[in-house]
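# Fold and contact review
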Amino acid sequence: MQKIRSGTFAALLLGSIAFPLPLAAAPVDTSPIREAALQDNIAWDFTEGLTTEVGPRPAGTPQEARAREWAVAKLKALGFSNVRSEPYKMPVWVRGHDEARILSPFPQNLALAALGNSASTSANGIEGEVLYFPTLSDLLAAPDGSLKGKIAFVSHVMAATQDGSSYSHFGATRRQGPSIASKKGAAAILIRSIGTDNHRLPHSGVQMWADGVKPIPAAALSTVDADQLTRILARGQSVRLRLTLTSKMLKDQPSGNVIAELPGTDPTAGIILAACHIDSWDQGTGAIDDASGCGIITAAALHAAKAGPLRRTIRILMAGAEEVGGDGGRAYFAAHDGERHAVAMESDFGADRVWRVDFKLPAGHEALSDRIASALSPLGIAPSRLAAGGGSDIEPLVKAGVPVIDLQQDGTHYFDIHHTADDTLDKVNRAQLQQNVSAWAVTLFAIADAAESLAVK
Ligand code: ZN
Ligand code: ZN
């Protein structure tokens with residue numbers, strides 16, 4: 001090993017203080033909040049309770065309504081103020097029976113799940129020849145009309161990344177593939193699940209039909225069933241498949257957001273919005289997506305407020321209908337856009353540990369981001385130079401210019417489970433959940449306590 005010279009050592013030290021504490025106004029020591037939150041049980045109790053007592057909570061269904069009632073009662077019992085549901089109505093797609101059977105050359109069933117807003121087949125299903133496209137680009141390149149009467153199959157492999165960034169690229173197969181296939185005349189489309197596991201559990205998810213496009217049956221095969229179909233197609237014979245996806249669309253169903261507050265002492269200082277979503281996909285119990293996120297922000301707000309009266313109000317938003325297009329986030333914005341939001345944050349990327357913090361604060365608030373980075377550092381969380389972007393529950397606020405902070409969770413294993421029947425409580429690790437609560441608690445405290453204006457202009 002090379003001997004470290006003193007100059008190198010000094011450089012290492014300098015590197016470690018890239019985010020120094022501000023020299024003005026000594027910050028409050030956040031270590032008691034951080035340490036207490038590392039022993040938290042509230043987030044686990046919330047996640048365990050919601051997934052056990054309510055279970056799956058598809059948007060706009062009676063299960064989602066029960067989740068709202070459950071959350072309102074829980075937040076009141078935990079001591080939050082102004083706890084209420086804010087209702088709205090929305091169209092709802094309801095899954096029926098999902099089945100795929102290869103008729104020839106090698107008869108067998110394939111594991112799949114209809115995608116949100118899929119058209120329904122009849123109870124007897126439809127039959128067609130499978131046309132294989134290795135990637136979404138290959139589907140896009142197919143001549144118009146060339147898919148007439150066929151079942152398009154796009155098998156686009158997604159690899160895991162720590163920041164989950166591959167989801168945005170490969171997720172296009174789910175989001176846009178069905179509309180592209182329909183435009184080219186396909187009778188139906190199958191995609192490889194947007195997931196990173198090797199299990200027979202398909203990954204569901206929403207897709208929206210482009211304007212003027214005729215809805216067709218659309219489903220995701222499990223990753224290993226997509227591999228199976230690819231191998232069968234590679235034999236070179238025509239593959240015929242029967243697809244049965246029954247579903248229905250309901251108009252004007254009740255959905256809603258759940259709101260709760262820990263009031264601050266200075267109503268003019270702006271609200272800190274901490275968001276998650278209360279709905280889930282139907283196959284699992286939505287433990288990592290997003291019961292854990294709701295547990296994390298609930299627990300963290302309480303730990304932050306234990307430190308004493310806070311200047312800013314912390315408002316919890318448990319949004320409805322995130323999974324099917326963000327109806328709850330839009331309803332929140334429509335109802336509360338007129339109020340002053342100091343900062344918006346969202347927890348909706350599972351229950352794994354936070355590893356990075358991104359900021360998008362108004363210019364001149366570097367001392368605040370430095371204080372937050374310092375408070376997060378003992379948790380193994382490093383600041384990035386990337387701008388925070390938030391998630392879909394706070395997207396309308398972020399677009400309107402509200403400052404945002406992202407506590408980025410490790411997403412390496414998130415897409416192994418995401419939107420599958422395997423999204424269940426046993427996938428949540430208590431210690432990682434506590435690390436999230438701790439990171440959120442010190443961050444919420446630092447913003448709530450900050451003397452800075454956080455005014456956008
Ligand atoms: Zn989610
Ligand atoms: Zn989701």
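Whatever comes next refers back to the structure up there.
Every value quoted in this text rests on a predicted model; they were computed, and no experiment measured them. (Residues numbered from 1 in each chain as written. Chains lettered and ligands numbered in written order. Predicted model: local features only at pLDDT ≥ 70, side-chain atom pairs only at ≥ 80, totals over all residues. Heavy atoms only, no water.)

Per the counting criterion, the structure on display carries 1 cavity of 30 Å³ or more. In this structure, the largest cavity spans a volume of roughly 50 Å³. Taken together, Ser280, Trp281, Gly284, Gly286, Asp289, Glu323, His419, Thr420 and Asp423 form the lining of the largest cavity. Looking at the lining of the largest cavity residue by residue, the classes come out as 1 nonpolar, 5 polar and 3 charged. (1 Å grid on protein atoms, 1.4 Å probe; cavity = no way out; pocket = protein on both sides within 12 Å on 5 of 7 lines; lining within 4 Å. Points joined across faces, edges and corners; volume = space filled by probe spheres on them. Nonpolar A, V, L, I, M, F, W, Y, C, P; charged D, E, K, R; others polar.)

Before going further, it helps to spend a moment on the layout of surface pockets. Put simply, the largest pocket is a space of about 1,200 Å³. Tyr167, Glu322, Gly390, Gly391 and Ser392 are the residues nearest the centre of the largest pocket, which is lined by 37 residues in total. The biggest single contributor to the lining of the largest pocket is strand β14 (residues 404-409), with 4 residues. Of the residues contributing to the lining of the largest pocket, the split by class is 9 nonpolar, 16 polar and 12 charged. (Helix = DSSP H or I, 4+ residues; strand = E, 2+ residues; numbered from the N terminus.)

Moving on, we come to the pattern of salt bridges. By the definition in use, this model includes 20 salt bridges. Ionic pairing is found between Asp358 and Arg356, a salt bridge with its closest N-O pair at 2.8 Å. Judged by its relative accessible area of 12%, Arg356 is buried. A salt bridge links Lys427 to Asp426, with the shortest nitrogen-to-oxygen separation between them at 2.6 Å. For Asp426, a relative accessible area of 58% gives the class exposed. Here the salt bridges do not stand alone but share partners, grouping Arg95, Asp98 and Asp282 into one network. (Salt bridge = Lys/Arg side-chain N within 4 Å of Asp/Glu carboxyl O. Buried < 20%, exposed > 50% of the residue type's maximum accessible area, 1.4 Å probe, protein only.)

A few words now on the state of the cysteines. Following the criterion strictly, the structure yields 1 disulfide and no others. The disulfide that involves Cys276 links it to Cys294, with 2.1 Å between the sulfurs. The sign of the S-S torsion, about 95°, decides the handedness of the disulfide formed by Cys276 and Cys294: right-handed. Placement of Cys276 in strand β9 (residues 271-277) and of Cys294 in helix α9 (residues 287-305) is noted, with a sequence separation of 18 residues between them. The residues Cys276 and Cys294 share a single accessibility class, namely buried. (Disulfide = S-S within 2.5 Å.)

So, on to the packing of helix α11 (residues 366-376) against helix α14 (residues 430-449). Put simply, α11 and α14 touch, their axes get as near as 9 Å, and they point 155° apart. Between α11 and α14, the angle is such that the two are roughly antiparallel. Handedness of the α11/α14 crossing: right-handed. Here α11 contributes Leu368, Ile372, Ala375 and Leu376 to the contact with α14, which in turn contributes Ala439, Val442, Thr443, Ala446 and Ile447. Class assignment for the residues of the contact of α11 with α14 results in 8 nonpolar, 1 polar and no charged. (Axes fitted to C-alpha atoms, helices over the stretch in contact; angles between N-to-C directions. Parallel < 35°, antiparallel > 145°, perpendicular 65-115°, else oblique. Left-handed = near helix turned anticlockwise from the far one by under 90°. Contact = heavy atoms within 4.5 Å.)

Right, let's talk about the packing of α9 against α14 for a bit. Contact geometry for α9 and α14: axes closest at 8 Å, N-to-C directions at 50°. The angle between α9 and α14 falls in the class oblique. By crossing handedness, the relation of α9 to α14 is classed as right-handed. Residues Ser292, Ile296, Ile297, Ala299, Ala300, Ala301, His303 and Ala304 of α9 form the contact with α14, whose participating residues are Leu433, Asn436, Val437, Trp440, Ala441, Leu444 and Phe445.

The subject of this paragraph is the coordination of the zinc ion (ligand 2). Bound to the zinc ion (ligand 2) are the protein donor atoms Asp289 (OD), Glu323 (OE), Glu323 (OE) and His419 (NE2), situated 2.0 to 2.4 Å from the metal. Seen from the zinc ion (ligand 2), its 4 donor atoms lie at angles of 58 to 139°, and the figure they make is irregular. As a motif over one chain, the donors of the zinc ion (ligand 2) read D-x33-E-x95-H. (Donors = N, O, S within 2.8 Å, 3.2 Å for Na, K, Ca; no water. Tetrahedral: all angles 85-135°; square planar, octahedral: opposite > 155°, others 65-115°.)

Take the packing of aromatic side chains next. What the rule picks out here adds up to 6 aromatic pairs. Ring centres of Tyr132 and Phe153 lie 5.7 Å apart, and the angle between their planes is 35°; on these two criteria the pair is classed as tilted. Within this pair, whereas Tyr132 is found in strand β4 (residues 126-133), its partner Phe153 is found in strand β5 (residues 151-154), the two being separated by 21 residues in sequence. Overall, the relative accessible area of 35% leaves Tyr132 in the partly exposed class. Among the aromatic residues, those joined into a ring-pair cluster are Tyr167, Phe349, Tyr414 and Phe415. (Phe/Tyr/Trp six-rings, centres within 6.5 Å; stacked < 30°, edge-to-face > 60°.)

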